[in-house]
Amino acid sequence: MSIPDLEKVYTYSDYLDFSDDVRWELLDGVPYMLDAPIWEHQFISSALNAQIYPQLEGTPCHVVAAPFDLRLPHKNVKDEDTTTVVQPDILVICDKSGLKGTGYFGVPDFIIEILSDSTARYDKTKKLDKYEKSGVKEYWIVDPVGMDVSVFILNNGIYGKPDYYFKNDKIKLTALENVEIDLELVFNSIK
C-alpha cells in the first residue's frame, strides 16, 4: 500500500495491509507514519525493559517493547474493526486474553512513550488523550533531552496533572505492585 488516503477512516483490517516498509499508527481511523527511533530512544527503552522485566517475575504481567500493535477497543467494536492501533514504546499487560496476531486488543495497565522530535507533540496530546479515554491506569512520558519523566495516573477516569521525576529519582509504579524504576540507571544509558 502506498500513502494512505487521509479522507478515509481506517480500521485494523486496513492497517494490516499497510506497507511493511513503514511503521504506522491509527488514531480514530487516521493514519500516522512513525519515523525510525534515534539511538538514545532505543537505549532508554532497553534500560527501562531491563528493570521492569525481572520485577514482574511471578506475576501474570508481561512487559513488551515496540513494535507491537496495541488495538485500543471502542464499545462493541470487534478487534478487526477497531480504528485505533498504536505502538507504545513500552507497555505492560496483565491479562493475556487480549493477545492475538500482531499484538494486543484491550487496555494495558501501564504505557511508556519515549519522546523524539517527531513524536513529542503527538505523545503529549493525541496519545495522552487516547490512553486516558481508554482507561490506561498509568502513562509515562520520558524525555531523553531533559532527562525527566512525566507520570500520569488515572483517577476517576482522568489523568489530571502529572507528577515529574528527574534523572536521580526512583519511581514506584502505581499501576503495578512492587515495581520501582531507578531513573539514574535509565538516563546513564545515554551518557
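Just so it is clear, the model here is predicted, and its values are computed rather than measured. (Residues numbered from 1 in each chain as written. Predicted model: local features only at pLDDT ≥ 70, side-chain atom pairs only at ≥ 80, totals over all residues. Heavy atoms only, no water.)

(A) Up close: the overall build of the protein chain. Scanning the protein chain from N- to C-terminus turns up four helices and 14 strands. For the protein chain, whose C-alpha radius of gyration is 16 Å, the value lies close to the compact-globule estimate of 16 Å for 191 residues. With the C-alpha coordinates of the protein chain rotated into their principal frame, the extents come out at 45 × 30 × 30 Å. Considering the protein chain as a whole, with its 191 residues, one finds that 50% of them fall into the buried category. Per element, the accessible surface of the protein chain, about 10100 Å² overall, is 51% carbon and sulfur. Computing the positive centroid from 19 side-chain charges and the negative centroid from 32, the protein chain places the two 4 Å apart. (Helix = DSSP H or I, 4+ residues; strand = E, 2+ residues; numbered from the N terminus. Rg over C-alpha atoms; globule rule 2.2 N^0.38 Å. Buried < 20%, exposed > 50% of the residue type's maximum accessible area, 1.4 Å probe, protein only. Areas by Shrake-Rupley, 256 points an atom, 1.4 Å probe, with all protein chains shown as cover. Lys, Arg positive; Asp, Glu negative; His and termini not counted. Charge placed at Lys NZ, Arg CZ, Asp CG, Glu CD.)

(B) Local environment of the sheet that holds strand β3 (residues 62-65). The mixed open sheet is built from six strands, whose spatial order is β3-β6-β9-β10-β11-β12. The sheet terminates laterally at β3 and β12 (163-166), the two strands that pair on one side only. Ignoring which end each strand starts from, the neighbouring axes of this sheet average 20 degrees apart. Where strand β10 (residues 138-143) and strand β11 (residues 148-153) come together, six bridges link them in antiparallel fashion. Of the residues in β11, the one forming a bridge with Trp 140 is Val 151. Of the strands in this sheet, β3, β6 (90-93), β9 (110-114) and β10 touch helix α2 (residues 39-55), which is tilted by about 155 degrees from β9. Along the sheet face, helix α3 (residues 120-134) touches β9, β10 and β11 and points at about 165 degrees away from the line of β10. (Pairing = 2+ DSSP bridges. Axes fitted to C-alpha atoms, helices over the stretch in contact; angles between N-to-C directions. Contact = heavy atoms within 4.5 Å.)

Nothing here speaks to function; it is geometry throughout.
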